[in-house]
Amino acid sequence: MFKGNPKSLVLQWSVNSCGALFLLWSAYNLRFLRWADLLWVGALLFLTIATGRFTVPVTNADGTCRSHKSIADAFVLLAAMLFGAPAATVLAAVDGFSSSLGEPDRRITIFSASSATVSTYIASSLYVWLTDVMVDASLTDNIQNAPLGMLLVPLCVMTLAQYFLSTFAAASLVAFGTGQVYPTLARESLVWTSLTQMAGASSAALFYAAWQGGSVTFLFVGILIIALVHLFYRFNERRADEIRRADSDSVRHIKEMSELHMNTIESLAIAIDAKDQTTHGHVRRTQIYAMELGRLLGATEDEMKALEAGALLHDVGKLAVPEYILNKPGKLTVAEFEKMKIHTNVGGDIIKRVNFPYPVEEIVRYHHEKWDGTGYPKGLKGEQIPMVARIIAVVDFYDATRCDRPYRKGMKREDSLALLRCMENSSFDAHVVETFINHIDKFDSLIAEHDIQEQVASKETPEMSDAAPDAGLASEVLGEMKDECGFRSIADAQREVFALHEIAQTIGASLNLQDTVTLVSSKLKAIVPFNTCVIYVVDEQSGKAHAAHSSGQYAEVFARRRVTLGEGITGWVIANARSMCNTPPELDLVGIPEEVADSIRGVLVSPIIREDGAFGAITLYATDRATYTTEHVRLLESVAQHAAVALNNALTFERTKESALTDPLTNLPNARSFRMSLEQRIAECERLNREPLAVLSLDVDYFKQINDAHGHGIGDRLLAGVAEIVKKQLRQMDVLARYAGDEFTAIMPMASFEVAQMVADRIRSAVENHKFMVRAGRAVQVGVSIGIACFPVDGETTEELLTAADRQMQRDKHERKLAPSIAAANPVTSIDAFR
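The shown structure was predicted, so the numbers you read here are calculated from the model rather than taken from an experiment.

Colleague: Help me understand the packing of aromatic side chains, please; the structure alone is not making it clear to me.
Modeller: In this description, an aromatic ring pair is defined by two values, namely the gap between the centres and the angle between the planes. Throughout the structure, instances matching the rule amount to 13 aromatic pairs. Taken together, a centroid distance of 6.2 Å and an interplanar angle of 65° make the contact between Tyr289 and Phe443 edge-to-face. Of this pair, Tyr289 sits in helix H11 (residues 279-296) while Phe443 sits in helix H19 (residues 440-449), and the two are 154 residues apart along the sequence. Look at Tyr289 and you get buried, because its relative accessible area is 0%. With relative accessibility at 0%, the residue Phe443 sits in the buried group. Chaining the aromatic ring pairs together yields one cluster made of Tyr289, Tyr398, Phe436 and Phe443.

Colleague: Just to check I follow, could you spell out the sheet that holds strand E15 (residues 784-791) for this structure?
Modeller: Strands belonging to one sheet form pairs held by backbone hydrogen bonds; the direction of such a pair is parallel or antiparallel. Strand order in the open sheet made by the 4 strands is E11-E12-E10-E15, with antiparallel pairing throughout. Each having just a single partner strand, strand E11 (735-740) and E15 make up the two edges of the open sheet. Neighbour-to-neighbour, the strand axes of the sheet open up by a mean angle of 20°, direction not taken into account. Bridge count between E11 and strand E12 (residues 743-749): 5 bridges; the pairing is antiparallel. Across the sheet, residue Leu736 finds its bridge partner in E12, namely Ala746. Across the sheet, helix H31 (residues 798-818) lies against strand E10 (693-700), E11, E12 and E15, angled at about 145° from E15, the strand it touches most.

Colleague: Before we go on, may I ask you to explain empty space enclosed by the protein in this structure?
Modeller: Where empty space is left in the structure can be found by rolling a water-sized probe over the atoms. For the structure on display, the rule yields 2 cavities of 30 Å³ or more. Within this model, the second largest cavity holds a volume of roughly 50 Å³. If you trace the second largest cavity, you find it lined by Glu369, Lys370, Trp371, Ile385, Arg390, Ala393, Val394, Ser427, Phe428 and Asp429.

Colleague: Quick question: what am I supposed to make of the pattern of salt bridges here?
Modeller: Any two side chains of opposite charge can pair, so long as their charged atoms come close to each other. Under the criterion given, the structure shown has 25 salt bridges. Two residues, Arg285 and Asp399, come together in a salt bridge whose shortest N-O distance is 2.6 Å. Taken together, the positions of Arg285 in helix H11 and Asp399 in helix H16 (residues 387-402) put the pair 114 residues apart, joining distant regions of the chain. A salt bridge links Asp701 to Arg816, with the nearest nitrogen and oxygen atoms 3.2 Å apart.

Colleague: How should the side chain of Asp588 be read in this particular structure?
Modeller: Here Asp588 lies in the loop between strand E7 (580-581) and helix H25 (594-599). Despite its burial, Asp588 pairs with no opposite charge; the closest candidate is Arg561, at 4.1 Å N-O. When residues no more than four places from it in sequence are discounted, the contact partners of Asp588 are Arg561, Gly568, Ile569, Thr570, Thr619 and Tyr621.

Colleague: Is there a simple way to think about a nonpolar patch on the surface in this case?
Modeller: A contiguous nonpolar patch, built from Leu126, Trp129, Val133, Met134 and Val153 and spanning about 470 Å² of accessible area, is present on the exposed surface. Ranked by residue count, the leading element in the nonpolar patch is helix H5 (residues 106-134), at 4 residues. Structurally, Leu126 can be placed in helix H5.

Colleague: What should I look at first to understand the packing of helix H3 (residues 73-83) against helix H4 (residues 85-99) in this one?
Modeller: Each pair of packed helices can be described by the angle between their axes along with the distance between the axes. With their axes 7 Å apart at the nearest point, H3 and H4 run at an angle of 165° to one another. Here H3 lies roughly antiparallel to H4, going by the angle between them. Two packed elements cross with a definite hand, and for H3 against H4 that hand is right-handed. Facing H3, whose interface residues are Asp73, Phe75, Val76, Ala79, Ala80 and Phe83, H4 presents Ala85, Pro86, Ala87, Ala88, Leu91, Ala92 and Asp95. Residues belonging to the contact of H3 with H4 are distributed by class as follows: 11 nonpolar, no polar and 2 charged.

Colleague: Looking at this model, I keep getting lost on the pairing of strand E8 (residues 602-610). Mind explaining?
Modeller: Consecutive residues of a regular strand have side chains that alternate between opposite faces of the sheet. Among the 9 residues that make up E8, 7 are buried, leaving the element largely enclosed by the rest of the structure. In this sheet, strand E9 (residues 613-622) lies alongside E8 in antiparallel orientation, the contact comprising 9 bridges. Bridge pairing links Pro607 to Ala617 in E9. Connecting E8 to the next strand, E9, in antiparallel fashion are 2 residues.

Colleague: What is the right way to look at the nonpolar core in this model?
Modeller: Most often, soluble globular proteins have nonpolar side chains that are buried together. Residues Leu307, Phe356, Val360, Leu420, Phe428 and Phe436 are the most contacted members of the largest nonpolar core, which totals 39 residues. Ranked by residue count, the leading element in this core is H16, at 8 residues.

Colleague: Would you mind showing me how to read the confidence of the model for the protein here?
Modeller: Any residue range with low pLDDT should be treated as having predicted coordinates unsuitable for detailed reading. Averaged over every residue, the pLDDT of the protein is 77; the share at 70 or more is 74%. For the stretch residues 460-472, pLDDT sits under 50, and the model shows 15 contacts to residues farther than four places along the chain or on other chains. In the predicted structure, residues 474-491 sits below a pLDDT of 50 and forms 19 contacts with residues beyond four places in sequence or in another chain.

Colleague: Explanation requested: the environment of Glu799 in the structure shown.
Modeller: For Glu799, the location among the structural elements is in helix H31. C-alpha separation for the pair Glu799 and Leu678, spaced 121 residues apart in sequence, amounts to 10.0 Å. Separated by 2.5 Å, the side chains of Glu799 and Arg675 make a polar contact.

Colleague: Looking at this structure, I do not really get the pairing of strand E4 (residues 532-538). What am I missing?
Modeller: By the criterion of burial, E4 is predominantly enclosed, with 7 of the 7 residues buried. Both faces of E4 are covered, namely the face carrying Thr532, Val534, Tyr536 and Val538 and the face carrying Cys533, Ile535 and Val537. Pairing between E4 and strand E5 (residues 544-552): 7 bridges, direction antiparallel. What sits directly across from Cys533, in E5, is Ser551. In sequence, E4 turns back onto E5 through a hairpin of 5 residues, with Gly543 there showing a positive phi of about 75°. Sheet topology note: the E4/E9 ladder contains 6 bridges and is antiparallel. By the bridge assignment, Val534 is partnered in E9 with Thr619.

About the criteria used
Residues numbered from 1 in each chain as written. Predicted model: local features only at pLDDT ≥ 70, side-chain atom pairs only at ≥ 80, totals over all residues. Heavy atoms only, no water. Phe/Tyr/Trp six-rings, centres within 6.5 Å; stacked < 30°, edge-to-face > 60°. Helix = DSSP H or I, 4+ residues; strand = E, 2+ residues; numbered from the N terminus. Buried < 20%, exposed > 50% of the residue type's maximum accessible area, 1.4 Å probe, protein only. Pairing = 2+ DSSP bridges. Axes fitted to C-alpha atoms, helices over the stretch in contact; angles between N-to-C directions. Contact = heavy atoms within 4.5 Å. 1 Å grid on protein atoms, 1.4 Å probe; cavity = no way out; pocket = protein on both sides within 12 Å on 5 of 7 lines; lining within 4 Å. Points joined across faces, edges and corners; volume = space filled by probe spheres on them. Salt bridge = Lys/Arg side-chain N within 4 Å of Asp/Glu carboxyl O. Lys, Arg positive; Asp, Glu negative; His and termini not counted. Patch = residues over 30% accessible without salt bridge, like charges linked within 9 Å, V, L, I, M, F, W, Y side chains within 5 Å. Areas by Shrake-Rupley, 256 points an atom, 1.4 Å probe, with all protein chains shown as cover. Parallel < 35°, antiparallel > 145°, perpendicular 65-115°, else oblique. Left-handed = near helix turned anticlockwise from the far one by under 90°. Nonpolar A, V, L, I, M, F, W, Y, C, P; charged D, E, K, R; others polar. Core = buried A, V, L, I, M, F, W, Y, C linked by side-chain atoms within 4.5 Å. pLDDT = per-residue confidence, 0-100. Polar contact = N/O pair within 3.5 Å; in protein donor to acceptor, adjacent residues only side chain to side chain.

So this is what it looks like as structure tokens:
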């Protein structure tokens, strides 16, 4: 590299001189730090020296390498964030020197240290300037107190600047030393050095968060990031060296294995993207069970490899199954189960493209086959089912039944094993089942060693809680959480985020009120514990909240419950639009059977709010806990917020649908609804061997005169009264509708002409004998003209029957005009006497 090239000499002299100047200036300024800070700088210096030998080379396009990027950059960046440019510059100089000690030419070592010093001094000075500009002045007096969020942009700028300057200097030295006109970098070098730099920046941010009092997890994750990046690079470097040293056959084999591993990783990534919150722990346990059971059953080497991969990938085909089917709380319909069954073939097709050299595809495609031949997708029976698929079928079933799922509770070990034994020789290979059961203690001990226990405990364990109840209004207890056990587990947090994301994504998928409330309840179970969930919606007509949905324990007790606003916990929450938790549950259980009320220990209620206030509430009852935490309140309020929009839309749709099919004056079906009902009834009659059906057409006589004499308001009341009288004379199965103006129509299923004529006479008599009050002390009597049409004699379509009935009604009206009279007052007997 160093052959007296003028460009190379000038670059070396310039960088070395600037590096020495910046290093001396930085070392001089360290004296302004406090002794405590100097001790921390010393600690970071020690870590920098210790990790400085773990490097990634900077190479040009022809593979020449005479500079390195060290994973110690994370400590250099952290020093800049905590103690400013001087400390970072000193650490960078030491890092550059130690990372290049292996170079045979000392001039390279000096240049590397100098370029690291210059690039870090400039980048960290830029960082300090940006923090002065972007961070609030009250925080920059002590840079260690600045919130991490405000430092991310300056940190990114510093990282990019340092990476660009140091990499450009190294590449320029390589280029000038080899006679190139301009510097070039190998693509692989650029990828790995940039990854190392980004990993260093990410780790520095996590270390800074830990410094400010965050969890020790931040420190661990930061170290893990830079270690993994370096290990991945070393693995890649070793693999590349093996490929270069191997002969042509070995090269081809290594490439095939590399492609195989990449395809496997891609398949696993696809499975993770399926967003099944139970997948990770389930597949890891399934893998352990399958591998150990395979060894006991004498599986071959290829079968063992297939079990290792197949346990991870056996449910990858569920990508093709909609999430609402996967986590449906109730039994699947026939169509839904058919959709579920496609996941075996879809998964098999995915794995087939990977071209595994061992039978992974057989596991994925056939693990739902049953020993008696009733399984799917091919209905294989007995020994026709591959052994690896039989093993996965047993261990997958066992672990799935042991774990809680959104749609059911998990079983204890004894219950799951008993169920497994009952299914021997029907669903599972008896030999595989017995071998598994005989060694279950050993298998479960291995699960415990790997700390992936998510299964239901074998024995009942009482719930212990040292926390005092947070009684009263939720807003009064939503303070800072005081969890002495530390942060929630990452798995819990991931499950909560998943559930909230799924609610936000799917809750508005249906405008059906029942579908919406059922979905809310099923998703809520994943993040907030409860034994009974009741979703209340306010009825605008009665002003009371009724239970639109209830699920869980005692669901049937709460299903028809109505709550007066302001009364009880739920009524108070709706009236005041504020959450409430940990109050005595008996306040909300008035009218509930005593044995149910006595078993409920805790209650949590959050309002469902729209712009004009609360219009419902989500009430959770618990029999196994007396208190809910503030975290539970937060999660329930978040769910209620998402649910409010969807429930409001569903209610609006229900009201719109009802108004479109209902006459607002009489609350009877309107003409559109009547036609739809008549078409449906005609279709049923045709299907049932042309069963008889009668259609009545009724018209109030001289109604225009009543409107003209007494006004439309009186006329409307009279029509509503006529509707009530007519409805009482019809059977329960009959349908009465207001067809238009003063005209009514009725459908009488399974009624002959004689039955319809009898009912028509009774209707006419009842209406004409009724006195309708039009004003104080004055009443009027009206008559009705009625026409009858029967299916199939008078017509076989809606139009034909309506036309025939209307024609008969007009004939009846004409005849009544020729001989006007009102029927003599006779006592009217209800049609119920003839039922």
